[in-house]
Amino acid sequence: MSETVFLNGEFIAREKAYISPEDRGFYFADGVYEVIRCFKGSLFSYEEHIQRLKRSLSETRIKFRDIKSLDSVCKKIISKNNLEGKYADIYIQITRGVHRRMHRFPVEEISPTVYIYAYERLPSVNEMKRGVKVITRNDIRWLRCDIKSVSLLPNTLKFQEAHDENARECIFIRDGVITEASHSNVLGIKTGVVFTHPDSNLILSGITKKVVFRICNDLGIYVKESPIREEEISEFDELFITGTGNDIMPVVQLNDIVINDGVPGTITRQIQREYFRITYKKLGGEKKLWF
Ligand code: PMP
């Protein structure tokens, strides 16, 4: 059966989904996006994703008035693609719309381009059990990383370098500290305390990271939103990345540094277990999928 996508108010077959080459998303990457995890038909942290999307829209001054309709579109895109019983991701992209190329925003009101689709994606169970390798690179991105913009060229260039080195992620270093990674947040554990870069213009305020904060609070694990300095990485007992696409992913090697003798740390494991309890399991995930 052909895949159904949502484009500008209509559910259509993917092969029939076309946009204009004059879309400002194509010319200028003038758009924002969200990716929402869907566990067997249940949207995870939907409200938080929508709040972040609203913020990205308002910071970029893209006028999209129909945000309330997204809830029903997301549910329909899941059901129309027979993903209700599956682990899926929903991708939402909104650009400023179509206009002949000019830098300033069009004076007349143009309709934003809205594109939504969903696809099955199983959790990366083996990597989550064994841990992954990451590399570090200079953070060459702009100074508004808090906006979830589709302008992701620095992220894709650096992620490709990680991929070329058989690494799972590329962690960014700016002014000697870890900011985040190409599509995840970075957290480290030293003497039982979780450290991570505070929310600011230099990172995306990750929703998975926020879930981890709540888990840590419940488990009595202290979180310090203070950046990890590059030269102190080797002093860290545990390191992990978080994100919609990575869940809670232990890092066991960073460049040439082996972390925790190359195995996921105890506290990371504890956080992972709790995360899975409240997400995959509570929402109907099979226990056998992991551990
Ligand atoms: N930072 C960046 C740059 C990202 O692209 C992502 C993925 N959205 C994250 C962090 C993690 O955010 P979340 O947990 O909301 O997926």
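What this report covers is the structure whose coordinates are included nearby. (Residues numbered from 1 in each chain as written. Predicted model: local features only at pLDDT ≥ 70, side-chain atom pairs only at ≥ 80, totals over all residues. Heavy atoms only, no water.)

Remarks on unusual backbone geometry
Item 1. Despite not being glycine, Asn 8 has its phi angle at roughly 45°, a positive value.
Item 2. In this fold, Asn 8 is placed in the loop between strand E1 (4-7) and strand E2 (10-13).
Item 3. A residue is classified by how much of its surface remains accessible, and Asn 8, at 43% relative accessible area, is partly exposed.
Item 4. One non-glycine residue with positive phi stands out, namely Lys 40, at about 45°.
Item 5. Structurally, Lys 40 is set in the loop between strand E3 (31-39) and strand E4 (42-43). (Helix = DSSP H or I, 4+ residues; strand = E, 2+ residues; numbered from the N terminus. Buried < 20%, exposed > 50% of the residue type's maximum accessible area, 1.4 Å probe, protein only.)

Some remarks on the pattern of salt bridges
Item 1. For the structure shown, the criterion picks out 24 salt bridges.
Item 2. Between Lys 190 and Glu 235 there is a salt bridge whose closest N-O contact spans 3.4 Å. Highlighted residues: Lys 190 in strand E10 (residues 185-190) and Glu 235 in the loop between strand E12 (223-224) and strand E13 (238-243), separated in sequence by 45 residues.
Item 3. The structure contains a network of salt bridges with shared partners spanning Arg 55, Glu 59, Arg 144 and Asp 146. (Salt bridge = Lys/Arg side-chain N within 4 Å of Asp/Glu carboxyl O.)

Remarks on the site of the ligand
Item 1. Around the ligand, 17 residues are found, and the nearest of them are Lys 148, Glu 180, Ile 207, Thr 208 and Thr 244.
Item 2. In this structure, Arg 52 approaches the ligand through a side-chain N or O atom, which is 2.8 Å from an oxygen atom.
Item 3. In this structure, Glu 180 approaches the ligand through a side-chain N or O atom, which is 2.6 Å from a nitrogen atom.
Item 4. When the ligand sits alone it has 390 Å² of accessible area, and the protein chains cover 93% of it.
Item 5. Put simply, the ligand lies in the largest pocket.
Item 6. Elements represented by at least two residues in the shell around the ligand include exactly strand E9 (177-181), helix H6 (207-219) and E13.
Item 7. Classifying every residue of the shell around the ligand by side-chain character gives four nonpolar, nine polar and four charged. (Near = heavy atom within 4 Å. Polar contact = N/O pair within 3.5 Å; in protein donor to acceptor, adjacent residues only side chain to side chain. Areas by Shrake-Rupley, 256 points an atom, 1.4 Å probe, with all protein chains shown as cover. 1 Å grid on protein atoms, 1.4 Å probe; cavity = no way out; pocket = protein on both sides within 12 Å on 5 of 7 lines; lining within 4 Å. Sits in = over half its atoms within 2 Å of the grid points. Nonpolar A, V, L, I, M, F, W, Y, C, P; charged D, E, K, R; others polar.)

Quick notes on the side chain of Ser 149
Item 1. Its location among the elements puts Ser 149 in the loop between strand E7 (132-138) and helix H5 (153-164).
Item 2. For Ser 149, a relative accessible area of 8% puts it in the buried group.
Item 3. Separated by 2.9 Å, the side chain of Ser 149 and the backbone nitrogen of Ser 151 make a polar contact.
Item 4. Non-local contacts of Ser 149, meaning those with residues more than four positions away in its chain, are made with Ala 29, Gly 31, Val 32, Tyr 33 and Trp 142. (Contact = heavy atoms within 4.5 Å.)

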